[in-house]
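Remarks on the overall topology
In case you want the letters, here they are:
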Amino acid sequence: MRKTAILICLLTSSLLLHAGDYPKSVQKRIDKTLVKLFPKMLVELKEMDLSTELTSVYTSVRGVKVSRLKSADSELGYACFASSKGKHDYFDYMVIFDKELVIKKVKVLIYRSTYGGEIMSHSWLKQFIGETNGQEMAMDKDIDGISGATLSAPSITQGVKELSLLISDINKSKESN
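Definitions and cut-offs
- Residues numbered from 1 in each chain as written.
- Predicted model: local features only at pLDDT ≥ 70, side-chain atom pairs only at ≥ 80, totals over all residues.
- Heavy atoms only, no water.
- Buried < 20%, exposed > 50% of the residue type's maximum accessible area, 1.4 Å probe, protein only.
- Helix = DSSP H or I, 4+ residues; strand = E, 2+ residues; numbered from the N terminus.
- Pairing = 2+ DSSP bridges.
- Axes fitted to C-alpha atoms, helices over the stretch in contact; angles between N-to-C directions.
- Contact = heavy atoms within 4.5 Å.
- pLDDT = per-residue confidence, 0-100.
- Salt bridge = Lys/Arg side-chain N within 4 Å of Asp/Glu carboxyl O.

1. Concerning the pairing of strand β5 (residues 103-111)
- For β5, the buried fraction is high: seven of the nine residues fall into the buried class.
- Where strand β4 (residues 90-98) lies against β5, seven bridges are found, and the strand directions are antiparallel. Across the sheet, the residue bridging to Phe97 is Ile103, located in β5.
- Linking two consecutive strands that pair antiparallel, namely β4 and β5, is a turn of four residues; a positive phi of about 70° is found at Leu101 within it.

2. Here's the deal with the sheet that holds β4
- An order of β1-β2-β3-β4-β5 is seen for the five strands of this open sheet, with the pairing classed as antiparallel. The strands lining the two open edges of the sheet, one partner per strand, are β1 (44-47) and β5. Recorded for the sheet is a direction-independent mean angle of 25° between the axes of neighbouring strands.
- Each of β1, β2 (62-71), β3 (74-85), β4 and β5 touches helix α2 (residues 24-37); the most contacted strand, β5, lies at about 165° to it.

3. Observations concerning unusual backbone geometry
- Positive phi outside glycine occurs at Lys40, with the angle close to 60°.
- With respect to the helices and strands, the residue Lys40 is situated in the loop between α2 and β1.
- Look at Ala72: it is not a glycine, yet its phi comes out positive at around 55°.
- One can find Ala72 in the loop between β2 and β3.
- Overall, Ala72 belongs to the exposed group, its relative accessible area being 69%.

4. Observations concerning the confidence of the model for the protein
- Across the protein, pLDDT averages 86, with 86% of residues at or above 70.
- Predicted confidence for residues 1-19 stays below pLDDT 50, and this span has 20 contacts to residues more than four positions away or in other chains.

5. Regarding the environment of Leu34
- As for its placement among the helices and strands, Leu34 is situated in helix α2.
- Of the residues examined, Leu34 reaches a relative accessible area of 1% and is grouped as buried.
- Sequence separation between Leu34 and Glu44 is ten residues, and the spatial gap between their C-alpha atoms is 9.6 Å.

6. Examining the pattern of salt bridges
- Tallied over the full model, the rule gives four salt bridges.
- Across the pair Glu44 and Lys46 runs a salt bridge, and its minimum N-O distance is 3.1 Å.
- Glu44 gets classed as partly exposed once you look at its relative accessible area, which sits at 25%.
- Exposure remark for Lys46: the relative accessible area of 40% places this residue in the partly exposed category.
- The salt bridge partner of Glu136 is Lys161, with a shortest N-O separation of 3.8 Å.

Here it is in structure tokens:
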């Protein structure tokens, strides 16, 4: 029985559609996060085409990709993938939104710099959960700073805020069509 449950979990996670061109180790983290957030569901990521006009408004993020999260015929929300600049290098992260556009999870996928890696801490990233529609996310006011990440922490904070605004804009344009 237990072996069967483990096998089903492994099959489910391996059936998740891939979100971009990430290395296998990063793709495993994406899949694992989705399995935890949406247990017992086969989650499918459908990448959306975004206009340059829409994404160019948000200047603190680059390489933005947005995917719809679906399971069978129901919409679960969105997954946003983006990069922001740390002290010297860009880092990649993912923000998961539910169908009400509330942040469910922020996860740093690739951190390339030797400084500022403290932003990968789960306890620090939890501050973003529950935020919606680009609510105020100001460093040291709404989001606590973190020692050792003087540039990375404000960068990801601004990036998450802009992705939240982007998702709101996408949803508004979807409703008007």
